[in-house]
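In case you want the letters, here they are:
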Amino acid sequence: MNIIGRITRKVDRPDTAASSFTRQPMDASSSQRPNGRSDFEVAIICALRLEFDAVCLLIDELWDEDGDQYGKVEGDPNIYTTGRMGKCNVVLVLLPNMGKASAASAAASLRSSYPRVSLALLVGICGAVPFAGPERDPIVLGDVIISNLVVQYDLGRALPDRFVRKDTAHDSLGRPNKIIRNILVKLDTDIDREHIEKWAGDFLKALQTKSEEKAKRKRRGKHTSYKYPGSANDLLFHACYRHKHAPGSGCRTCEDCHGNADPACDESLTLSCKELECDTSCVIRREHLESASNDPNADSDSEGVFFFIGAIGSGDSVIRSGEHRDQIAKQAGVIAFEMEGAGVWDEVPCIVIKGVCDYADSHKNKGWQNYAAATAASVAKAVMERPGRWPDQSAGWRSNPHTSDGANSIRIFWTAEPGSPGGAELRTDQRGIPPAAG
Ligand SMILES: [Zn+2]
Ligand SMILES: [Zn+2]
């Protein structure tokens, strides 16, 4: 039985049957336990427990099952989990709270305790702009967004009549460094996309199976299901159609809610579209979803997990309005919204990988969160499985995470562990060439 239950979309795939792009499965015997914190180069940061749980299901080996092996610097409040995901040793951090400030503080501490982390993956869930990008590609629930830029859409001035976003070079978050740009350029090629989406589909199945097995072993407690909730539950309403009590329900607040500026009652925020009987004639038809199977247990010709690369809007408030969503998307050019990217981005080179659990409108609910967390975790693992050393760096070389790699950037070559006896930092010229020996 294929429990992935993923929708099927028609995709023009290149013929890559003869490709040498193969994933090298690693078994426990081929892995090497890191000696210390400086052996970790990749971090995975999650804001929610449910995101963290999904990532943990794809960890191949935990390094700290017998207690904390690696410690942390004094004053670092983060709690770390370490392990191996595929061929990468990863350090996992679960943020104590959602939002930019919490993410920035945790990322700064991470840099102190794990100084060689050169890439953080911020993995979890997000709200998407349903028709995004110049081609207005339809993004559906469970798809995954990979950031090529993080935009602080809520940074600016609230004038009496409008909000003016600050988007000068000084106010904006920098563009990703060369390591990240290299990863993203490759991910966007047909050949990489095909493999990553296919592998992510395989990882998603593995995650679902592992979760089911765990549930069977568990004698009590609620089981988290990562199954596809079914395309019949993927409802995209017209942007202006509000989630509120239906006319005639007796709710005065909702009766008086006509425009975007009018409030709906607090109770309506806690109820589902089904409970409120939101008008399904206001649902936007999307052909590829209508032809998909609604049975989460049905066998399907899974194409894997789809991902989109684009700018992600990061802000401290949750977007719950279709009109507001579309307005910001148009102004800031973002394809999704989340709350931690801006905080991490400023501290550690970061790629945001988030599964779409809602459309950032008033109808958003939690029904897709687990599945979206699972698809994001699966794509994150698949991205790390690309051939070659990961993150893409030449052995021994790393860019300074705090500088962009523009024309004036300086690359740093460590001859041994930074800070260790005998460790020496040789500053190189702008082409990254270390000074001649002697
Ligand atoms: Zn109401
Ligand atoms: Zn609704």
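Owing to the predicted nature of the structure, the values given are computational and were not obtained by experimental measurement.

Definitions and limits used
Residues numbered from 1 in each chain as written. Chains lettered and ligands numbered in written order. Predicted model: local features only at pLDDT ≥ 70, side-chain atom pairs only at ≥ 80, totals over all residues. Core = buried A, V, L, I, M, F, W, Y, C linked by C-beta atoms within 7 Å. Buried ≥ 20, exposed ≤ 12 C-beta atoms within 10 Å, placed from the backbone. Contact = placed C-beta atoms within 7 Å. Helix = DSSP H or I, 4+ residues; strand = E, 2+ residues; numbered from the N terminus. Expected span 1.5 Å × (residues − 1). Arc of directions from axis to C-beta. pLDDT = per-residue confidence, 0-100.

A few words now on the nonpolar core. Of all hydrophobic cores here, the largest spans 100 residues; its most connected members are Ala43, Ile45, Ala120, Val334 and Val379. With residues near it in sequence (within four places) discarded, Ala43 still touches Val90, Val91, Val93, Leu110, Tyr114, Val117, Ala120 and Val348.

Along the chain, Ala215 falls in helix α4 (residues 190–217). Exposure remark for Ala215: the 13 C-beta atoms within 10 Å place this residue in the partly exposed category. As a C-alpha pair, Ala215 and Ser225 span 10 residues in sequence and 9.2 Å in three-dimensional space.

The next point concerns helix α2 (residues 100–113). Every α-helix carries 3.6 residues per turn, so stepping three or four residues along brings you back to the same face. Between the first and last C-alpha of α2 there are 20 Å, a value that for 14 residues agrees with the 20 Å anticipated at 1.5 Å per step. Taken residue by residue, α2 has Lys100, Ala103, Ala106, Ala107, Leu110 and Ser113 as its buried positions. Buried residues of α2 fall within an arc of 155° about the axis and therefore sit on the same side. Buried-residue contacts for α2 involve β1 (42–46), β4 (88–94), β5 (119–128), β11 (307–314) and α10 (341–345).

All right, on to the confidence of the model for the protein then. Of all residues in the protein, 75% have pLDDT values of 70 or greater, and the mean over the chain is 80. Long-range and interchain partners of residues 13–20, a stretch whose pLDDT sits below 50, account for 8 contacts in this model, where long-range means more than four residues apart.

Structurally, Ser147 can be placed in strand β8 (residues 144–151). Linking Ser147 and Pro176, residues 29 residues apart in sequence, is a C-alpha distance of 9.5 Å. With residues up to four places along the chain from it excluded, the contact list for Ser147 reads Ala311, Ile312, Gly341, Ile351 and Val352.

Another point: unusual backbone geometry. Look at Glu277: it is not a glycine, yet its phi comes out positive at around 55°. Positionally, Glu277 belongs in the loop between α7 (273–276) and α8 (287–290). One non-glycine residue, Ala360, adopts positive backbone phi at about 50°. For Ala360, the position within the fold is in the loop between β13 (350–358) and α11 (369–384).

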